[in-house]
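What the coordinates show
Listed below are the residues making up each chain.
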Amino acid sequence: MPPRFADPDLRAIPLRLVPSDGFDDWLAAQDGPERDWIAANDFRGRAGQILRLPAPDLSVARVLVGWGNANDHKRGRFALARAAAALGHGTYALDADLPADAMQEAALGWLLSDYRFDRYKPQTDRQGPAALRAPRGIDAARLEAIAAGEVLIRDLINTPANDMGPAELEDAVRDLARTFGAAVTVTKGDDLGKANLPLIHAVGRASTRAPRLIEVEWGTDGPLVTLVGKGVCFDTGGLNLKPGGSMGLMKKDMGGAATVLGLARMIMGAGLGLRLRVLIPAVENAVAGNAF
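Anyway, here's the lowdown on the structure attached to this text.

Considerations on the pairing of strand β4 (residues 90-95)
Most of β4 sits out of view: five of its six residues are buried. Note that β4 and strand β5 (residues 130-133) share four bridges and pair parallel. The partner of Thr91 across the bridge, within β5, is Ala131.

And the structure:
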């Protein structure tokens, strides 16, 4: 499932981002029992620190997350993302004095924090991730569209080439197109020569998995934007065979195709006012007597 923010009506635990800059002044303004608890646990607002503050009934009243100082490279989306992974199950509401762009980055990091590539693992009842109510002032739908596109990119690249050849990449394109009502046209195999696309055919002709050009069209108004992504699903190097150390990376040689598909999903999911065209030459560059 694409990452989503929590239902805004759900009861949520306040989650406060606390910078280390000016920490002593902030601490002095807290209630006495909370101040003592914070000091006893050596919480100083350092990047990545997490402290749960107990309520009188020992439930969690609120959570403090260290944000670091203004020059800390760990700030931004990753500080909150680490907190999301560490907090486990629960629903939280962000309490922070952040500029709008920093709030968007932090919320996006939270959405992406639970990504796992577990396609080949037994499907167990893994405890759900910590959920975040969409912070006030952000465009929640836009961030959800971006996160869904990022997840698609990662899943496509992480899938090994035996399960992500030209045909499987085409299937992924068609699934995406169905979701958003886009049109798909595929030129495959020997038809590539007839369409004056000889280079795609040359690179993929030695494989039993037919090469193809996959084209997606979406939208009827606005400027035309064309995205082109390299879809070499596996690249042996053809007759100029790659060394073993390079072979290990070749399942990622379709990363360009994955990236433009993820971007296309973001664009369509956000409903941007443009005409979108996506072109993906999808091939497997294999070794055979007729390899290029």
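Digging into the sheet that holds strand β3 (residues 60-68)
Strand pairing in a sheet takes place through backbone hydrogen bonds and is either antiparallel or parallel in direction. The sheet built from five strands is open, its strands ordered β2-β3-β1-β4-β5 with mixed pairing. Edge positions in the sheet fall to β2 (50-54) and β5, since each of these pairs with one other strand and no more. For this sheet, the mean inter-axis angle between neighbouring strands, taken without regard to orientation, is 35°. Sitting on the sheet, helix α2 (residues 32-40) touches β2 and β3, and the angle it makes with β2 is about 145°. Strand contacts of helix α4 (residues 100-112): β1 (13-19), β3, β4 and β5, with the helix running at about 150° to β5, the strand carrying the most contacts.

With respect to the pattern of salt bridges
All chains considered together, the criterion is met by 16 salt bridges. Measuring nitrogen to oxygen at the nearest pair gives 3.0 Å for the salt bridge that ties Asp95 to Arg16. Linking Asp95 in strand β4 with Arg16 in strand β1, this pair joins segments that are 79 residues apart in sequence. Of the charged contacts, one joins Arg209 and Glu284 as a salt bridge, the two residues approaching to 3.0 Å between their closest N and O atoms. In this pair, Arg209 is assigned in the loop between α8 (198-204) and β7 (212-218) and Glu284 in strand β10 (residues 275-285), connecting sequence segments 75 residues apart. Each of the salt bridges in this network shares a partner with another, and the network as a whole consists of Arg16, Asp95 and Asp97.

Some thoughts on the packing of helix α6 (residues 166-180) against helix α10 (residues 255-270)
A packed helix pair is summarised by two numbers, namely the angle formed by the two axes and the spacing between the axes. In contact at an axis separation of 11 Å, α6 and α10 are set at 5° when each is read in the N-to-C sense. Of the possible angle classes, the one that applies to α6 and α10 is roughly parallel. Residue-level inspection shows Leu169, Val173, Leu176 and Phe180 of α6 in contact with α10, the latter providing Ala257, Leu261, Arg265, Met268 and Gly269. Of the residues contributing to the contact of α6 with α10, the split by class is seven nonpolar, one polar and one charged.

Points about the environment of Trp67
Take Trp67: it is sitting in strand β3. Sequence separation of Trp67 and Pro160 is 93 residues, and the distance between their C-alpha atoms is 37 Å.

Cut-offs applied
Residues numbered from 1 in each chain as written. Predicted model: local features only at pLDDT ≥ 70, side-chain atom pairs only at ≥ 80, totals over all residues. Heavy atoms only, no water. Buried < 20%, exposed > 50% of the residue type's maximum accessible area, 1.4 Å probe, protein only. Helix = DSSP H or I, 4+ residues; strand = E, 2+ residues; numbered from the N terminus. Pairing = 2+ DSSP bridges. Axes fitted to C-alpha atoms, helices over the stretch in contact; angles between N-to-C directions. Contact = heavy atoms within 4.5 Å. Salt bridge = Lys/Arg side-chain N within 4 Å of Asp/Glu carboxyl O. Parallel < 35°, antiparallel > 145°, perpendicular 65-115°, else oblique. Nonpolar A, V, L, I, M, F, W, Y, C, P; charged D, E, K, R; others polar.

The analysis is restricted to geometry; functional conclusions fall outside its scope.
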